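Below are the chains, spelled out letter by letter.
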Amino acid sequence: MIRYSCHSENFGILSAEHTFSLIHDLQFDCIDIASRSLIPQNQIQADPAATSAYLKDLSQRYERPLSELFLSEVEVNGEKIRPACASSISESFCHAFRSICQFAQNAGFLSIMGSAGPYDPALSYHDNFSKTSWTLNQQVKIASEYGLGFHVEPSRHSLLNTIPNALYMLELVPGLRYTLDFLHYQFSHTPLEESMKLLPYAGHLHARQAQTGIGKCDISKGEINYVSIVNALKKMHWHGDIMLEFWCDDRLSKEGIQAVEQNIVMRYYLKQLFRS
């Protein structure tokens, strides 16, 4: 089964109540929650039970199941910890992540999207991967104890900014899956046949249009070949959630582009491709 999710920040930084209400009215199947704006990590870690109950209540009242928790880097004592640095504070890092997993499980999330972090020029290539893979292995293990998938997004800003790097990390971290957004590889003009090598490892998908050198663009001007992507997913019998992720910055707004329009049109387009 394919479900169509909506990013909680697509239509601006709204209150939690307003966010759920709008996504309900737009008839998305489920919702991805960005912790950074809707429910900060300091609140989650301070009281996982109360914060999960609050989110679970919203999910039930608005009949929008929770899909993925958009977490990124784990915070310890209010400081974001890069994955390559986590092993130096392993006990406090793992404790913080366990509290997040407890929250996510109780709230009803299916998965957590963490971070592979950026390439650290102070470290060698080997050490970047060795230290980061240690962290991701811990997170995969802890998340699985709570019945959660653990994903990271191979992005153009991260250690996984090339297909070989992303495939190498999968060798180092058994059980790791990706939240895959083709935007990041289209931006660098990576051939689609290369980036689609990651599809078998996709636990979650993001969808929007992009061009080489342009992170987001109007769907009518996009270069990502979703026909090929959906055909590959159908051959794999892939099931999961596809999260529509398009919000407007000043440039897009000045061009008359609207986030609601882009997300709804992309959702309709994907539905038609899967049905054909």
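Whatever comes next refers back to the structure up there.
This one's a predicted model, so the numbers in the text were calculated from it and none came from an experiment.

Rules of the game
- Residues numbered from 1 in each chain as written.
- Predicted model: local features only at pLDDT ≥ 70, side-chain atom pairs only at ≥ 80, totals over all residues.
- Heavy atoms only, no water.
- Helix = DSSP H or I, 4+ residues; strand = E, 2+ residues; numbered from the N terminus.
- Rg over C-alpha atoms; globule rule 2.2 N^0.38 Å.
- Buried < 20%, exposed > 50% of the residue type's maximum accessible area, 1.4 Å probe, protein only.
- Polar contact = N/O pair within 3.5 Å; in protein donor to acceptor, adjacent residues only side chain to side chain.
- Axes fitted to C-alpha atoms, helices over the stretch in contact; angles between N-to-C directions.
- Parallel < 35°, antiparallel > 145°, perpendicular 65-115°, else oblique.
- Left-handed = near helix turned anticlockwise from the far one by under 90°.
- Contact = heavy atoms within 4.5 Å.
- Nonpolar A, V, L, I, M, F, W, Y, C, P; charged D, E, K, R; others polar.
- Pairing = 2+ DSSP bridges.
- Right-handed = clockwise from strand over helix to strand, strands pointing away.
- Core = buried A, V, L, I, M, F, W, Y, C linked by side-chain atoms within 4.5 Å.

### Notes on the overall build of the chain
Argument step 1. Counting its regular elements, the chain contains twelve helices and ten strands.
Argument step 2. At 18 Å, the chain has a C-alpha radius of gyration in line with the 19 Å of a compact globule built from 276 residues.
Argument step 3. Principal-axis analysis of the C-alpha atoms places the extent of the chain at approximately 50 × 45 × 40 Å.
Argument step 4. Buried residues in the chain amount to 53% of all 276 residues.

### Some details on the environment of Glu-68
Argument step 1. Tracing the chain through its elements places Glu-68 in strand E3 (residues 66-70).
Argument step 2. A relative accessible area of 1% places Glu-68 in the buried class.
Argument step 3. For the pair formed by Glu-68 and Ile-2, sequence separation is 66 residues and the distance between their alpha carbons is 14 Å.
Argument step 4. Of the polar contacts made by the side chain of Glu-68, one reaches the side chain of Ser-111; its length is 2.6 Å.
Argument step 5. Side-chain polar atoms of Glu-68 contact the side chain of His-151, separated by 2.6 Å.

### Let's talk about the packing of helix H10 (residues 226-236) against helix H12 (residues 259-275)
Argument step 1. Two elements in contact, H10 and H12, have axes separated by 10 Å at closest approach and are oriented at 50°. What the angle tells us is that H10 and H12 run oblique. Two packed elements cross with a definite hand, and for H10 against H12 that hand is right-handed. Contacts from Tyr-226, Val-227, Val-230, Leu-233 and Lys-234 of H10 reach H12 at Met-266, Tyr-269, Leu-270, Leu-273 and Phe-274.
Argument step 2. When the residues that make up the contact of H10 with H12 are grouped by side-chain class, the tally is nine nonpolar, no polar and one charged.

### Examining the sheet that holds strand E10 (residues 240-244)
Argument step 1. Read once around its circumference, the closed barrel built from eight strands follows the order E1-E2-E3-E6-E7-E8-E9-E10, with strand pairing classed as parallel. Each neighbouring strand pair of the sheet contributes to a mean axis angle of 30°, computed without reference to strand direction.
Argument step 2. Sheet topology note: the strand E1 (residues 2-7)/strand E2 (residues 30-34) ladder contains three bridges and is parallel. Its bridge partner being in E2, His-7 is matched across the sheet by Asp-32.

### Some points on the pairing of E10
Argument step 1. For E10, a buried count of five out of five residues is recorded, marking the element as mostly surrounded by other parts of the structure.
Argument step 2. Across five bridges, E1 lies against E10 in parallel orientation. Directly across from Arg-3, in E10, lies its bridge partner Asp-241.
Argument step 3. Here strand E9 (residues 202-207) runs beside E10; their pairing, made up of three bridges, is parallel. Bridging across to E10, Leu-205 finds its partner in Ile-242.
Argument step 4. As for the winding sense of the linkage, the β-α-β connection from E9 through H10 to E10 is right-handed.

### Details of the nonpolar core
Argument step 1. The biggest cluster of nonpolar side chains holds 78 residues, and the ones touching the most others in it are Ile-33, Leu-55, Ile-112 and Leu-176.
Argument step 2. Broken down by element, this core gets its largest block of residues, nine residues, from helix H5 (residues 90-107).
Argument step 3. Setting aside residues no more than four positions away along its own chain, Leu-55 makes contact with Phe-20, Ile-33, Leu-38, Leu-66, Phe-103, Ala-107 and Phe-109.

That's the geometry; what it means functionally is another story.
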